[in-house]
Amino acid sequence: MYTIKHAAERVGITTATLRAWERRYGVIAPPRSESGYRLYGEHEVAVLRSMKQLVDQGWSVGLAAAEAIRLDRAQPADDTAAGAGDSGSPIRPSRDLAGRMTTAAATRDTTDLAATLDEVFGLGSFETVMTDHVFPALEELGDAWADGTVSVAGEHLASNAVMRRLAVAYEAAASHGHGPRVALGMAPGTRHEIGLLAFAVAARRHGLSTDYLGADLPIDDWLVVVGDPTLAAVVLAIPTTADITTTASVITALHDHRSDLVVAVGGAQQNHAPEPAVRLGHNIAAGAKTLAAMITRR
């Protein structure tokens, strides 16, 4: 058992922060000694670490507290204790994430799918989790759909579960975005938006003010959006080969309409984007940093 000072040190927060999280949000309820002092065990430390990881990823404190409480209630007590080692490292998935997601999608097991995502989003920063874990898992899921292992319903189930997590992360990152305005959306007929929404979260976390417009936006609407002189940049995505032509048309139209505007593009097929589109690469953290540096110095 630990005193409040030692517990705070193990979590990586101040004692004042620990007290605030405990009293205001009820994230833990530590027992007291016979003398009335609070005592913190491995379970309390693990829950607080989980909450701190979410806050570090950009979640608001209130949302992070609610999520840490939910995760704690969903996790067997023995698992929590086993995961709270001296290193402070996040708990690793017990099985391969891609395999778990694919199995859950194939069987349409919403409980295991939610548990898998709960686990993986606690592994590190938002950008690291998406780049190193979620994107590769989604690629494998797409392959499983292509070979018939996973049905359309199963693929949609898993993809929409990820989209819901991204929507929460996007709202949680709102407090970071006070810099230049960026509009993010997709060309007409383009609908695979997980990568673009993940980039929008990363952009907010890098200080940009973002307007997320979503999938399948007509060219006329794009031209109205960029008519706003306060807009510093737009970001589109080209996730598949079928999206190359329409996205190229939007990029060309935007450049012709406003030659001063930064037009950036991501996605698997971004190398097919016409000049002068800025290619953001395949790492959302590096891409967000590049975009932020480009438009803040203009």
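Here we summarise the structure given alongside this text. (Residues numbered from 1 in each chain as written. Predicted model: local features only at pLDDT ≥ 70, side-chain atom pairs only at ≥ 80, totals over all residues. Heavy atoms only, no water.)

We now examine the overall build of the protein chain. When its secondary structure is counted, the protein chain shows 13 helices and five strands. Judged by the C-alpha coordinates and their principal axes, the protein chain covers about 75 × 45 × 25 Å. Counting only residues that meet the buried cut, the protein chain has 45% of its 298 residues in that class. Taking contacts inside the protein chain between residues at least 6 apart in sequence as the whole, the part at least 24 apart equals 70%. For the protein chain, the computed accessible surface area is about 14,000 Å², with 53% contributed by carbon and sulfur atoms. Each charge class in the protein chain can be summarised by its mean position, and for the 26 positive and 34 negative side chains these summaries are 8 Å apart. (Helix = DSSP H or I, 4+ residues; strand = E, 2+ residues; numbered from the N terminus. Buried < 20%, exposed > 50% of the residue type's maximum accessible area, 1.4 Å probe, protein only. Contact = heavy atoms within 4.5 Å. Areas by Shrake-Rupley, 256 points an atom, 1.4 Å probe, with all protein chains shown as cover. Lys, Arg positive; Asp, Glu negative; His and termini not counted. Charge placed at Lys NZ, Arg CZ, Asp CG, Glu CD.)

Gaps left between atoms are located by rolling a probe of water-molecule size over the structure's atoms. Roughly 1,200 Å³ of internal volume is contained in the largest pocket. L138, H192, I194, G195 and P239 are the residues nearest the centre of the largest pocket, which is lined by 36 residues in total. Among the secondary structure elements, those contributing two or more residues to the lining of the largest pocket are α8 (126-146), α9 (152-172), α10 (194-205) and β3 (231-237). Of the residues belonging to the lining of the largest pocket, the class tally is 17 nonpolar, 14 polar and five charged. (1 Å grid on protein atoms, 1.4 Å probe; cavity = no way out; pocket = protein on both sides within 12 Å on 5 of 7 lines; lining within 4 Å. Points joined across faces, edges and corners; volume = space filled by probe spheres on them. Nonpolar A, V, L, I, M, F, W, Y, C, P; charged D, E, K, R; others polar.)

The next subject is the side chain of D243. Locating D243 in the fold gives a position in the loop between β3 and α12 (244-257). It is R191 that comes nearest to the buried, bridge-free D243 among opposite-charge side chains, at 7.6 Å. Here the side chain of D243 touches T190 through a polar contact of 3.4 Å, side chain to side chain. Apart from residues no more than four positions distant in its own chain, D243 is found in contact with G189, T190 and I238. (Salt bridge = Lys/Arg side-chain N within 4 Å of Asp/Glu carboxyl O. Polar contact = N/O pair within 3.5 Å; in protein donor to acceptor, adjacent residues only side chain to side chain.)

To continue, consider the packing of aromatic side chains. Where two aromatic rings form a pair, the distance of their centres and the angle of their planes describe that pair. Tallied over the full model, the rule gives one aromatic pair. We note R204 situated over the ring of Y170; from NZ or CZ to the ring centre the distance is 3.7 Å. (Phe/Tyr/Trp six-rings, centres within 6.5 Å; stacked < 30°, edge-to-face > 60°. Lys NZ or Arg CZ within 6 Å of the ring centre and 35° of its normal.)

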